[in-house]
Every structure is written in structure tokens, then in C-alpha cells.
Amino acid sequence: MLLSEYVATLHELVTTTAFVTGTTFSYEERPPSAGLIKGGLTFADGSQLDFKEFLVTQPTLSVVKYGYQYRRGGQLVFRYDNANDLAARNLPTFPHHKHDPSGTLQSTQPSLARVLQEIVSQLRLP
């Protein structure tokens, strides 16, 4: 899959996700075979998601670095990432992990689609 095709898929996902009221979305190719995608979403309850993915496109497209941070009113609800975090070093899924108010938890690498599903299930709508 080409980077432009992947970006189009993510853009479609973001624009068709229920309760999204605002978006920022950008990407840049990093020749010869990489790219960076960044975005931000605002949801109907005012909560926000910031995300970034660094990808390589050869031999196949894969996300090698990521961060998905969801917050409500300036407070962290959760963040998935694969940063070299000392708090996550002893987790069996390291470097993949999830932060939430209770601490650092083991996690597999999520897709943006999975993160959006989790957010929609937690929205505080009237």
C-alpha cells in the first residue's frame, strides 16, 4: 500500500467517525520510504484526540512509532504509544503500552480505528 492510499484510508475513517466535530490532519512524505501523519480530533462532548504515526513503506507499509492521546478537559483519559518509557519497560508488551489515570498498562499496538471505537464508547453525550 502506498502512503497516499493509507492516508486516504485514515482520512475517510476520521471523517466518517460519529460525533467528530472538528479535525486537523496533515502528513508528509519522508523519502525514500517513510512518512509522518499527525492529526487532532474534537468530539461532540468537547474531548480531544491527538495522534501521530511514523510509517515506513518498504518492504510493506507499517507503523513503527505512534501515539494516540485522548483527553477530556485537559485531563488525560488514555494514551497509547510505543515510546521507550521507563515505566513500561517491565511490561510483557514493551514497548507497546497504555497510560491511563491508574498508571501504565500493557497493551498491543492499536490501530486508529480501534482507538476511535474506544473513544466513541466513552463519550459523555447528553
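The structure reproduced in this document is the subject of the present report.

Quick look at the pairing of strand S7 (residues 103-106)
In this sheet, S7 lies alongside strand S6 (residues 97-100) in antiparallel orientation, the contact comprising four bridges. Bridge assignment links His-97 to a residue of S7, and that residue is Gln-106. Connecting S6 to the antiparallel partner S7 that follows it, the hairpin turn spans two residues.

Considerations on the packing of aromatic side chains
Overall, the coordinates contain five aromatic pairs when judged by the stated rule. With a centroid separation of 6.1 Å and 50 degrees between ring planes, the pair formed by Phe-25 and Phe-51 is classed as tilted. Here Phe-25, found in strand S1 (residues 20-30), pairs with Phe-51, found in strand S3 (residues 48-56); they are 26 residues apart in sequence, far enough to count as distant. A relative accessible area of 25% places Phe-25 in the partly exposed class. Summarising the aromatic geometry, the rings of Tyr-70 and Phe-78 are spaced 5.3 Å apart at their centres and angled 45 degrees between planes, so their arrangement reads as tilted. The class for Tyr-70 is buried, based on a relative accessible area of 0%. Members of the aromatic cluster, connected to one another through ring pairs, are Phe-43, Tyr-70, Phe-78 and Tyr-80. Over the ring of Phe-78 we find Lys-98; its NZ or CZ atom is 5.1 Å from the centre of that ring.

Scoring rules and cut-offs
- Residues numbered from 1 in each chain as written.
- Predicted model: local features only at pLDDT ≥ 70, side-chain atom pairs only at ≥ 80, totals over all residues.
- Heavy atoms only, no water.
- Pairing = 2+ DSSP bridges.
- Helix = DSSP H or I, 4+ residues; strand = E, 2+ residues; numbered from the N terminus.
- Phe/Tyr/Trp six-rings, centres within 6.5 Å; stacked < 30°, edge-to-face > 60°.
- Buried < 20%, exposed > 50% of the residue type's maximum accessible area, 1.4 Å probe, protein only.
- Lys NZ or Arg CZ within 6 Å of the ring centre and 35° of its normal.

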